[in-house]
Amino acid sequence: MRHSIALALYSAVAGVGVSAAPAAKATDKPVSFAQFLSSTGKTSFESFSAAGVRDSGAFKQMTDHIQNMYSGVKDPSKVTSFKIDDTYGDCIPVQEQPSVHLLGLGAGAAKLATPPSGAAISTSTSAPKGLSAATKVDIPSILSLGVKDVYGNSISCPPGTVPVQRLTPESLARYGNLTDFFYKPRAEADGGTGDKEIKTLGKRAGAHSYARAIDTVLNFGGNAWMNLWSPSGYFSISQHWYVVNVPHQTVEGGWAVNHQKWDGRARLFIYWTADDYQHTGCWNLDCAGFVQTSNKWYLGGPFDRYSVYAGGQVGFELQWKLYKGNWWLFLKANNGYESVGYYPAKIYGNGPITKHADYAKWGGETAPDSTYGQMGSGHFPAEGFGKAAYQNNIFTIPRDESGGYGVQAALSSLHITKPSCYTIAATPRSGSSWGSYFYFGGPGGKTCA
């Protein structure tokens, strides 16, 4: 049964206390993609000077970036759009999306890369004692629900297009400058388990905190099923990273609560850097980087439900797979793994991470505002299933190949920076369908040590 986003999405069953979205007022009209592009070039710094933008030069950089990103769209009037809360998603033709256009990947004889024939799979077979496969549910993509936005537009994209979260002067003006908008900090300077923080997203909050497992092993990507929550706090992530250290290059993905960028709900995200977060890298499709090939997943989009404490548990499987120099993203819901797109070797300067990664990390990350927010479910690992957040079916990929099998992670090193607020409890190679897994997280607080 088809139903409105105003009635169906973000209800109290999500466990985050979000009420139904209001219907559009009679005088409200959607802002089409063509209208948005036309108005962006006329926007003045004075309209946003109170929003936190550093100066008129920084604001011009922002609006120039927006216009440059969409400069490959041949006919803006043919772009369909949908709106979730205050954010638009635009369905842009695959060959006209920012990364393809700005990186020259679709020009002339150039073609988009061909994905591997399939994702790697785990060798795990049976459920752990006391738990069955029915105790957790794969969350579908928000684009697959058959729902409409407050204007009656389908929240989906037609074949041949990909959903791109709209970059607007309003969304960028929350940051001091364009660099802050792109930025995601690095925790350590030496690739080890230190806690040397350089700076944070935009607001320059305190040092980021971690509870994560690290395997130092040559790999071609990896996998985890990620229990989905929507914790309170300024910034909270559950993700996995694939990394080389010299130069520091990463491939990252998972779910994130980021109040400066979005709102209080966890959202699907990816991130990359080619040079230790200094001059390259961005979230999702916010710069020329990731090439999306699927119209079925919405990077930066929320989910229609979240795990509930002592109640229903939901999540999704995310896999990064290095294949012929490109890092392919796979997401898995009820219909198996789907290739979503890839980070091309070109954005890394054909550097070392296009050959392999040196280590893999899985776990949680937070950043404080006035206090350290929740990580995971907001509860410590000792509370166990249904109460603490977890990742399972964790493995690395040992070869550059289509399909293949993963190697269950050893989870050999645990990195816990503030154990009074967050921790992690790992069970490597359990011999069950959970494979290698861990519980992680904690409540945070004003003082963490």
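Naming follows an unreviewed UniProt entry, where the protein chain appears as Neprosin PEP catalytic domain-containing protein of Lasiosphaeria ovina.

(A) How the structure looks around the side chain of Asn295. Mapped onto the elements, Asn295 comes out in the loop between β13 (291–292) and β14 (314–323). A polar side-chain atom of Asn295 sits 2.8 Å from the main-chain carbonyl oxygen of Cys157.

(B) Local environment of the nonpolar core. Grouped together as the largest cluster of nonpolar side chains are 93 residues, with contacts concentrated most on Phe316, Trp320, Trp327 and Tyr343. Apart from residues lying up to four places away in sequence, Tyr343 is in contact with Val251, Ile270, Tyr271, Trp272, Gly289, Phe290, Trp320, Asn326, Trp327 and Tyr348. Counting 16 residues, the second-largest nonpolar core is a separate cluster that includes Ile237, Trp241, Phe269 and Trp283.

(C) Region of interest: the sheet that holds strand β6 (residues 161–165). Read from one edge to the other, the open sheet built from three strands follows the order β2-β3-β6, with strand pairing classed as antiparallel. Of all strands in the sheet, those with a lone pairing partner are β2 (80–84) and β6, marking the two edges. Neighbour-to-neighbour, the strand axes of this sheet turn through a mean angle of 25 degrees, independent of strand direction. The pairing of strand β3 (residues 87–93) with β6 spans five bridges and is antiparallel. Bridged to Cys91 within β6 is Pro163.

(D) Representation of the confidence of the model for the protein chain in the model. Averaged over all residues, the pLDDT of the protein chain is 87; the fraction at 70 or higher stands at 85%. Taken as a whole, residues 1–21 scores under 50 in pLDDT and shows 51 contacts with residues more than four places along the chain or in a different chain. Low pLDDT, under 50, characterises residues 188–205; the predicted model gives this stretch 55 contacts beyond four residues in sequence or across chains.

(E) Region of the structure containing unusual backbone geometry. Of note, the amide linkage connecting Val246 to Pro247 takes the cis form, showing an omega dihedral of -10 degrees. Within the secondary structure, Pro247 sits in the loop between β9 (235–245) and β10 (248–258). Its identity as a non-glycine residue notwithstanding, Asn284 has a phi of 50 degrees, on the positive side. Assessed through its relative accessible area of 3%, Asn284 is described here as buried.

(F) Looking closely at helix α2 (residues 33–40). Buried within α2 we find Phe33, Phe36, Leu37 and Thr40. End-on view of α2: buried residues confined to an arc of 95 degrees, all on one side of the axis.

(G) Expanded view of the pairing of β6. Most of β6 is tucked away: five of the five residues are buried. Burial of the side chains of β6 extends over both faces: Thr161, Pro163 and Gln165 are buried on one face and Val162 and Val164 on the other.

Rules used throughout
Residues numbered from 1 in each chain as written. Predicted model: local features only at pLDDT ≥ 70, side-chain atom pairs only at ≥ 80, totals over all residues. Heavy atoms only, no water. Helix = DSSP H or I, 4+ residues; strand = E, 2+ residues; numbered from the N terminus. Polar contact = N/O pair within 3.5 Å; in protein donor to acceptor, adjacent residues only side chain to side chain. Core = buried A, V, L, I, M, F, W, Y, C linked by side-chain atoms within 4.5 Å. Buried < 20%, exposed > 50% of the residue type's maximum accessible area, 1.4 Å probe, protein only. Contact = heavy atoms within 4.5 Å. Pairing = 2+ DSSP bridges. Axes fitted to C-alpha atoms, helices over the stretch in contact; angles between N-to-C directions. pLDDT = per-residue confidence, 0-100. Arc of directions from axis to C-beta.

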